[in-house]
Amino acid sequence: MKPIFLFLIFASCFCRASEQERLSVDHLSCEYMVNPLGIDIPMPRLSWNISSAGRNEWQAAYEIIISDNLRDIGRMNGNMWQTGKVQSNQNIHVVYGGIKLHPFTKYFWRVRVYDKKNAVSDWSVSATFETAALDKADWQAKWIGDGSKQFEKDEDFYQKDPMPLFRRKLLIAKKIASARIYLSGLGYSELYVNGKKVGSSILDPGFTSYSKQVLYVTYDITQHLANQPMNTIGIMLGNGWYNALPLRLFGRFNIRNVQQTGRPCLIAQVLLIYTDGSRQTIATDDQWEAAPGPVIRNNVYLGEQYDARREKSFDTSVEWKKASLASGPDGLLTAQMQPPVRVTRIVKPISIIEAGKDTFVVDMGQNFAGVAKIKVQGKSGTTVSLRYGELVYPNGSLNWITTTAGHIKEIWKMNGGPGAPKTAWQKDDYTLKGQGVEVWNPRFTFHGFRYVEITGWPGRPALADIEGLRMNSDVDLQGNFSCSNEMFNRLHEKIQWTFLSNIFSIQSDCPAREKMGYGADIVATAGAYIHNYNMANFYKKTILDFANEQQPDGALTEIAPYTGIADRGYGGESGPLGWQLAFAYLQKQLYNYYDDTRIIASQYPVLQKQLEFLQAKAVNGLYTWDIGDHEALGLRAEGLTASSFYFHHAKLASEFAGILDKQEDSVTYARLANTIKDSIVSKYLTSPASQVNNFIQAALIFTLWYNISPEPKQTLDMLMKAFETKNWHLTTGIFSTMMMFDVLREHNLNDIAYKIANQRDFPGWGYMLDNGGTTLWESWAKPTSSSMNHPMFGSVDEWFYKSLLGINAAAPGFKKIVLKPQPAELEWAKGSYQSIYGLISSDWKKTTNSFQWKIEIPANTSAEVWIPSNEKDQIRESGKPISAAGDITFIRYDNGYAVFNTGSGTYAYEVNSDVQKR
């Protein structure tokens with residue numbers, strides 16, 4: 001073979017290899033969203049992922065172009081922003097720095113990156129983001145209503161109250177390039193164009209404190225407009241949370257006393273952009289028309305009544321009258337950026353039994369949140385009733401005891417107020433129009449249930465006549481997990497059902513009885529939620545919900561949006577400290593998982609004001625009461641936990657001040673934190689009355705998790721004895737259960753964590769599963785009246801990712817990763833987490849004398865890899881001795897692990913052990 005030919009073959013192979021290892025850019029996002037349709041951020045942040053078949057790949061520079069038209073972006077011309085080559089490895093949260101953005105405008109952007117050898121990637125495919133209103137003055141629309149007056153007496157709110165329909169006919173004389181509508185219909189709204197529903201979202205907009213903030217939604221209606229001069233926009237409204245009933249939850253709490261409420265109302269703006277470049281805006285005003293609709297009663301707790309005989313076409317002229325201008329809420333109109341609520345799963349029933357005369361009970365086989373959808377045929381005026389519950393009695397009849405709103409039950413003599421039902425169960429009614437097969441589901445409510453009781457059905461319902469619509473905020477799935485322990489796999493699945501049941505624009509405690517955003521539940525489960533789903537924009541909204549509820553004295557409420565519950569707070573409307581913690585704690589989570597500092601900067605004044613309140617209310621520098629470690633079994637170290645939460649606030653304030661380069665503040669808050677810590681040690685850890693010495697598991701865990709124990713080894717030993725005393729079962733509540741897994745992981749005691757998590761009897765997760773739990777319960781014991789769909793104890797799912805898979809962040813956003821699986825008794829585990837930088841995966845299995853582990857590390861990040869091994873073991877990577885791998889650096893042996901530094905890429909490790917020597 002001639003030398004020149006050999007050279008060409010070599011060169012060809014080299015070029016192909018180089019091509020494979022070139023960087024490529026994908027997963028472009030703007031403010032955590034892919035091609036967002038309506039944002040109101042003047043300087044949005046752009047992010048992207050980098051892919052490469054090679055290892056140890058880094059971005060050395062980037063280049064962004066942004067244009068307001070397709071022609072320029074196609075020519076690689078950024079007429080809005082052209083960064084040129086920027087020497088930086090930043091590929092997340094790059095702040096827009098071009099020409100001032102215009103409202104209601106679509107922008108196109110592309111990016112390319114340079115690697116460490118200065119080789120440039122191809123330009124990415126074009127991504128988009130679209131602005132909505134960027135200023136209050138961008139709104140031409142006015143709030144409108146149907147002119148009906150609000151009820152004056154509480155009992156009147158429970159009568160029939162047909163929800164309004166609105167319409168506007170559009171005369172379109174030119175060809176349309178694009179059409180948008182910006183819509184806030186309170187409480188909830190559905191949009192129709194030419195009689196067809198637009199989009200798949202439901203229960204829009206999300207629940208907020210309406211006196212402070214009102215969300216609006218952007219819809220693309222371009223394809224819905226007909227190629228004809230006349231088109232019709234139609235909107236149906238429901239009460240939602242804005243026109244809540246004066247229902248006294250738990251016999252005491254009336255949301256109408258604490259939130260701004262009003263009659264259903266609407267503000268909307270249609271923007272038509274024609275192919276000739278001209279624009280036309282049609283805004284809500286008194287030229288719109290209104291009419292009563294078929295939803296004759298609706299409430300987020302009690303359900304919906306729908307009379308199909310009252311349906312009307314948006315195109316007909318019967319009963320329509322001019323709409324009235326309305327005052328509307330006071331809150332600032334803000335683009336809705338958290339994921340919308342959608343139907344995310346169809347649940348098929350598994351059985352129907354006849355539980356009595358004209359009474360059928362349907363078992364959906366799974367507890368979840370949503371509504372039932374029916375197909376029914378019968379005479380006009382026939383009413384089919386659906387009642388929901390999580391349980392059935394031994395005779396098969398519906399047991400609604402766990403799902404009544406606010407525990408309002410006649411048998412408990414708990415009064416919901418004038419006009420309220422004696423028992424506030426979840427119930428939907430559908431009245432037939434009598435025209436063939438009718439298909440219906442409620443629009444403006446949601447329930448928590450496994451069983452549906454049907455009465456009034458013409459004939460006998462069949463399994464094919466009913467299905468469940470699982471509904472939740474449609475957050476993107478970011479994680480997956482499975483392992484050799486089948487109970488853990490079942491638990492992981494049931495946690496997903498529980499978590500998704502409790503996100504409906506707010507993260508709730510339960511989807512039936514309360515539906516409220518309790519701060520403690522959020523703190524206990526935020527890490528587990530984030531490992532499973534993209535929660536960035538959802539939790540940004542949650543943080544703003546708490547900020548919107550800050551009281552004049554600086555206190556934060558127990559629940560956000562606030563519903564009046566202030567249990568064991570510190571005066572006024574303040575919540576207990578573990579519940580107030582959600583505001584700062586979520587900011588810390590967004591920083592840890594997404595490297596988001598903008599939310600910390602925007603909310604820093606709120607946190608400062610809250611700290612002033614907490615300092616003013618402390619007694620001798622500490623707190624002595626709180627709800628404490630909610631749902632703990634036995635004694636609770638209430639003063640210790642309350643003071644620890646106070647310490648946590650001060651620590652976060654110091655850290656946030658440092659992140660924002662407010663060094664004086666950081667020192668001040670650090671000094672406060674140290675003072676609190678010293679006082680805790682003096683009062684609770686070294687005094688003769690020390691509660692820790694009583695073997696309260698939660699107290700011991702708190703002192704270790706917060707690193708406030710003066711004798712951590714002794715405290716850890718005491719914790720082991722406390723576990724052993726309970727035969728390795730928990731007495732912990734929602735906070736310390738979450739903390740326990742961190743403590744045991746950090747002390748290399750995952751065998752203990754495994755033993756506890758794997759228990760099958762009471763109390764434990766296995767007990768829930770083996771006793772019929774298809775979602776997690778509110779308490780360790782099987783509920784008799786409390787909720788059977790509560791996320792609080794779902795923190796164990798975070799343990800699956802952090803300890804069993806070993807995926808941990810060593811720098812904000814997982815810019816640096818620690819991969820350290822702690823196998824315990826498992827034979828294998830595999831899963832992944834989609835970080836903001838890209839996919840992190842861990843897939844391992846072990847035998848008697850080997851450990852095999854495949855990992856993936858995203859480009860532009862690095863990792864510290866902990867391989868279970870000792871100095872006598874042989875470690876190979878991709879079949880070769882690890883010492884021969886030039887891109888893997890040995891650091892040390894550490895407590896049963898060989899620790900290495902490595903860059904991005906995929907790796908296959910194998911450890912072979914000499915069993916006789918170990």
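Residues numbered from 1 in each chain as written. Predicted model: local features only at pLDDT ≥ 70, side-chain atom pairs only at ≥ 80, totals over all residues. Heavy atoms only, no water.

Let us now look at the environment of Ser 380. Along the chain, the position of Ser 380 falls in the loop between strand 26 (359–376) and strand 27 (383–389). The class for Ser 380 is partly exposed, based on a relative accessible area of 46%. As for Ser 380 and Asp 596, which are separated by 216 residues in sequence, their C-alpha atoms are 56 Å apart. Every residue in contact with Ser 380, bar those within four places of it in the chain, is listed here: Arg 309, Leu 432, Lys 433 and Gly 434. (Helix = DSSP H or I, 4+ residues; strand = E, 2+ residues; numbered from the N terminus. Buried < 20%, exposed > 50% of the residue type's maximum accessible area, 1.4 Å probe, protein only. Contact = heavy atoms within 4.5 Å.)

Burial of helix 11 (residues 697–705) is extensive: eight of the nine residues sit out of reach of the surface. Every buried residue belonging to helix 11 is among Gln 697, Ala 698, Ala 699, Leu 700, Ile 701, Phe 702, Thr 703 and Leu 704, and all of these are buried. Check the buried side of helix 11 and you find it contacts helix 9 (638–659), helix 10 (663–685), helix 12 (712–725) and helix 13 (734–746). A positive backbone phi angle near 55° is found at Asn 707, which sits one or two residues after helix 11.

Read across the sheet, seven strands follow the order 34-37-38-39-45-41-42 without closing on themselves; strand pairing throughout is antiparallel. Only two strands of the sheet have a single partner each, and these edge strands are strand 34 (479–483) and strand 42 (880–881). Pairing of strand 34 with strand 37 (residues 828–835), which is carried by five bridges, proceeds in the antiparallel orientation. If you follow Ser 482 over to strand 37, its bridge partner there is Lys 830. (Pairing = 2+ DSSP bridges.)

Attention now moves to helix 5 (residues 536–548). Taking 1.5 Å per residue, 13 residues should reach 18 Å; helix 5 reaches 18 Å between its end C-alpha atoms and fits that length. Counting buried positions along helix 5 yields 12 of 13 residues, so the element is predominantly enclosed. Buried within helix 5 we find Ala 536, Asn 537, Phe 538, Tyr 539, Lys 540, Lys 541, Thr 542, Ile 543, Asp 545, Phe 546, Ala 547 and Asn 548. (Expected span 1.5 Å × (residues − 1).)

The method is simple in principle: a probe with the dimensions of a water molecule rolls over the atoms, and the space it marks as empty is what remains. Evaluation of the coordinates by the stated rule reveals five cavities of 30 Å³ or more. Of the voids in this model, the largest cavity is the one considered here, and its volume is about 70 Å³. Contributing to the lining of the largest cavity are Trp 241, Ala 244, Leu 245, Leu 247, Leu 249, Phe 253, Ile 255, Asn 299, Val 300 and Tyr 301. Partitioning the lining of the largest cavity into residue classes produces nine nonpolar, one polar and no charged. (1 Å grid on protein atoms, 1.4 Å probe; cavity = no way out; pocket = protein on both sides within 12 Å on 5 of 7 lines; lining within 4 Å. Points joined across faces, edges and corners; volume = space filled by probe spheres on them. Nonpolar A, V, L, I, M, F, W, Y, C, P; charged D, E, K, R; others polar.)

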